[in-house]
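# Coordinate inspection notes
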Amino acid sequence: MSSKDIPSLLARQTLLDRELVRPAAAQPVRRLLPWLDVVVLGGTAIIDRGREAVLPVVDELRARFGDRKMLILTGAGIRARHAMGVGLDLGLPTGALSELAATEAEQNGHLIAALLAEDGVSYVPHGTVARQLAAHLVAGPAVVSNGYPPYGTSEFPPAVGRLPQHRTDAGAVLLADAFGARRLVFVKDGAGPGGRVPASTTGLPVDDLARELLGTAKHVREFRIVDGLSRGALTDALADKDTGTLVHA
């Protein structure tokens, strides 16, 4: 069998040569799922509060299943903080701490998926989200997964301390941008200052890294933060109404 060469300047050169890579990198990036809505449910902010906070949010999600396809991401709550506290005391490295927190975020995801099971919604792990999300969304209105990025034991060591810097909020921005999602909504227990604010704004109820990632994202150049304890706020956000705080790059 004869071999074929693919004509490309990148074939025999280093990818560290920025002048060589720049023409290829300048090509437009495809939106894989331009109709996707990504909704992030805070672990401590919403899920840890129990039925009074969770069930109304679930009802609002269910009410929009007719005209939306959603990836619902869950965060880790107070149990993850306890686990990481024990891990720090035992001297565990950053990657191991990230795995511990992601496990608790996954448990929250199973909880939300169970509440939406009658609507054809199920929990899927990171690998399935990466490879089969589109197929699952053809079969049902939404998919639930956890928001932690799948770095696991390969989590970047922080400049100070050992706590993983990529948590649910940052993972949600990375996932939404990778799929070219239509919108990204964080459901917290507060909406921040309200209105439209730049990503440089501090004191918002999201991780700082989530704000910083907007500066390099290819598709997701803004996200909205809504107060999940205020009935109707999530519904308005999914309808593109001016609610909560809109954070833009």
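Use the structure listed above.
Right, let's walk through the structure included here.

The rules behind these values
Residues numbered from 1 in each chain as written. Predicted model: local features only at pLDDT ≥ 70, side-chain atom pairs only at ≥ 80, totals over all residues. Heavy atoms only, no water. Axes fitted to C-alpha atoms, helices over the stretch in contact; angles between N-to-C directions. Helix = DSSP H or I, 4+ residues; strand = E, 2+ residues; numbered from the N terminus. Parallel < 35°, antiparallel > 145°, perpendicular 65-115°, else oblique. Left-handed = near helix turned anticlockwise from the far one by under 90°. Contact = heavy atoms within 4.5 Å. Nonpolar A, V, L, I, M, F, W, Y, C, P; charged D, E, K, R; others polar. Phe/Tyr/Trp six-rings, centres within 6.5 Å; stacked < 30°, edge-to-face > 60°. Expected span 1.5 Å × (residues − 1). Buried < 20%, exposed > 50% of the residue type's maximum accessible area, 1.4 Å probe, protein only. Salt bridge = Lys/Arg side-chain N within 4 Å of Asp/Glu carboxyl O.

Next up on the list: the packing of helix α3 (residues 78–89) against helix α4 (residues 94–115). Orientation of α3 relative to α4, taken along the N-to-C sense of each, is 160°, at an axis distance of 9 Å. Taken together, the axes of α3 and α4 are roughly antiparallel relative to one another. Note on packing geometry: the crossing formed by α3 with α4 is right-handed. Between α3 and α4, the contacting residues are I78, R79, A80, A83, M84, G87 and L88 on the first element and L97, L100, A101, E104, Q107 and N108 on the second. Here the residues of the contact of α3 with α4 sort into eight nonpolar, three polar and two charged.

Below, the discussion takes up the packing of aromatic side chains. Taken as a whole and judged by the stated rule, the model has two aromatic pairs. Look at Y151 and F156: their rings are 5.3 Å apart centre to centre, the planes differ by 85°, and that puts the pair in the edge-to-face class.

Glancing now at helix α6 (residues 168–179). For an α-helix, 3.6 residues make a turn, and residues three or four places apart therefore share a direction. Taking 1.5 Å per residue as the helical rise, α6 with its twelve residues ought to reach 16 Å, and the 16 Å between its terminal C-alpha atoms agrees with that figure. Within α6, ten of the twelve residues are buried, which leaves it mostly tucked inside the rest of the structure. Among the residues making up α6, those that are buried are T168, D169, A170, G171, A172, V173, L175, A176, D177 and F179. Where α6 is buried, its residues touch β1 (36–41), β2 (69–74), α5 (126–139), β5 (183–188), α7 (208–213) and β7 (222–227).

With that out of the way, let us pick up the pattern of salt bridges. Note that side chains of opposite charge can pair when their charged atoms are close. Scanning the entire structure with this criterion turns up 18 salt bridges. A salt bridge links E104 to R79; its shortest N-O distance comes to 2.5 Å. Taken together, the positions of E104 in helix α4 and R79 in helix α3 put the pair 25 residues apart, joining distant regions of the chain. Accessibility expressed as a relative area gives 4% for E104, which makes it buried. Among the ionic contacts, a cluster of salt bridges with common partners joins D37, R64, D67, R68, R182, R183 and D240.

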